[in-house]
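Residues per chain are reported as follows:
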Amino acid sequence: LDNKEEFTHTTLATDVMMPRRGDPPLKVVLQENMTVGDLEHLVKTTTYNGFPVITSQDSYRLLGYIYRRDLMVALENARHHSENVLSNSKAYFTLHAPTLSTSGVNEPAPVRLFNVVDLSPITVTDHTPMEIVVEIFTKLGIRQALVTHNGRLLGIITKKDVLRHIARLNKQDPDSIMFN
Ligand code: ADP
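Please read these numbers as outputs of a predicted model, since none were measured by experiment.

### A closer look at the pattern of salt bridges
And then number 1: Across all of its chains, the model carries 3 salt bridges by this definition.
And then number 2: A salt bridge links E40 to R79; the shortest N-O distance between them is 2.8 Å. Linking E40 in helix α2 (residues 36-45) with R79 in helix α3 (residues 68-81), this pair joins segments that are 39 residues apart in sequence.
And then number 3: Taking relative accessible area as the criterion, R79 reaches 30% and is therefore assigned partly exposed.
And then number 4: In this structure, the salt-bridge partner of R164 is D161, at a minimum N-O distance of 2.7 Å. Placement of both R164 and D161 in helix α5 (residues 159-171) is noted, with a separation of 3 residues, approximately one turn of the helix.
And then number 5: Among the residues examined, D161 registers a relative accessible area of 6% and is labelled buried.

### Observations regarding the site of the ligand
And then number 1: Taken together, 14 residues lie around the ligand, and M18, K27, N49, T158 and D161 are the ones closest in.
And then number 2: Contact between the ligand and K27: a nitrogen atom at 2.9 Å from a main-chain N or O atom of the residue.
And then number 3: Bound to the protein, the ligand loses 84% of the 530 Å² it would expose on its own.
And then number 4: For the shell around the ligand, the secondary-structure elements that each account for two or more residues are β3 (50-54), β9 (152-158) and α5.
And then number 5: Partitioning the shell around the ligand into residue classes produces 6 nonpolar, 4 polar and 4 charged.

### Describing the sheet that holds strand β6 (residues 111-112)
And then number 1: With mixed pairing, the 3 strands of this open sheet are ordered in space as β2-β5-β6. A single partner strand is all that each edge strand has here, and the edge strands are β2 (34-35) and β6.
And then number 2: The pairing of strand β5 (residues 90-92) with β6 spans 2 bridges and is parallel. By the bridge assignment, Y92 is partnered in β6 with R112.

### Focus: the packing of aromatic side chains
Here the distance between the centres and the angle between the planes together describe a pair of aromatic rings.
And then number 1: The tally for this structure, following the rule as stated, stands at 1 aromatic pair.
And then number 2: For the pair Y65 and Y67, a centre-to-centre distance of 5.1 Å together with 85° between the ring planes defines the contact as edge-to-face.
And then number 3: Residue class for Y67 comes out partly exposed when judged on its relative accessible area of 26%.

### Examining the packing of α2 against α3
And then number 1: The N-to-C vectors of α2 and α3 enclose an angle of 140°; their axes lie 10 Å apart at closest approach. As summarised for this structure, α2 and α3 are arranged oblique, according to the angle between their axes. α3 is crossed by α2, and the crossing has left-handed handedness. For the pair α2 and α3, contact is made by V36, L39, E40 and V43 and by R68, L71, M72, L75 and R79, respectively.
And then number 2: The residue inventory of the contact of α2 with α3, partitioned by class, reads 6 nonpolar, no polar and 3 charged.

So, how was this worked out
Residues numbered from 1 in each chain as written. Predicted model: local features only at pLDDT ≥ 70, side-chain atom pairs only at ≥ 80, totals over all residues. Heavy atoms only, no water. Salt bridge = Lys/Arg side-chain N within 4 Å of Asp/Glu carboxyl O. Helix = DSSP H or I, 4+ residues; strand = E, 2+ residues; numbered from the N terminus. Buried < 20%, exposed > 50% of the residue type's maximum accessible area, 1.4 Å probe, protein only. Near = heavy atom within 4 Å. Polar contact = N/O pair within 3.5 Å; in protein donor to acceptor, adjacent residues only side chain to side chain. Areas by Shrake-Rupley, 256 points an atom, 1.4 Å probe, with all protein chains shown as cover. Nonpolar A, V, L, I, M, F, W, Y, C, P; charged D, E, K, R; others polar. Pairing = 2+ DSSP bridges. Phe/Tyr/Trp six-rings, centres within 6.5 Å; stacked < 30°, edge-to-face > 60°. Axes fitted to C-alpha atoms, helices over the stretch in contact; angles between N-to-C directions. Parallel < 35°, antiparallel > 145°, perpendicular 65-115°, else oblique. Left-handed = near helix turned anticlockwise from the far one by under 90°. Contact = heavy atoms within 4.5 Å.

Dropping the structure here:
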C-alpha cells in the first residue's frame, strides 16, 4: 500500500463517453438501408449536433460523422431537386448510388448523401486516458470525438462532456479521486 500511484484510477474515454451503461444506444446513420423518411425522423426527434455514420448495424464500423445541419440541408435540397424524392426514397452514404435508370420512372428516386459526410472524424479508443482526450480537444479545437474499440464504434464524447469531466475533477478532493 505504500505506492500511491498504483491505486490512482485513471479516468478513460470509456468512463466519459455517451451512451453510459443503461442509456439507449447511440443514434447513428447507416451507410445504406435508411430512407429519406428515416433520416427526417431522426433529425426531427433528436437534438444532437450530429450522428456517426456506420457501415452496417452488424459491424458498427465507423465510416464518418454527419453534422445535423448538413444532413437537414441535404435532405431539403434533395426534396427540392426532384419530386421523385419521397419518404421511401433510399438514402446512400456511398461513393456510388444506384442511378435512376435502374429503377422505374414512378419509383422513389435514390438519394446520394456521401458528400456531406465528414470521412475523417477524430477518434480515440475506449482505453485512451481522459488526460490525452482533453489535450486532443484543446490542441485540435474539435467539438466531438468518436470512441471505438477494434474499429467498432462504441460512443461519442463532445466538448461539453469534456468540460463536465473537468468540472467534476476540480470539485473532487484529491483523496477521493485516488480511490474512485
Ligand atoms: P453537446 O454536448 O454540445 O450538448 P450534443 O447535443 O451533440 O452536444 O450532445 C448532447 C449529449 O448527447 C452529449 O453528452 C453527447 O455525448 C451525446 N450525443 C451526441 N451525439 C449523440 C448521438 N448521435 N447519439 C447519442 N448520444 C449522442
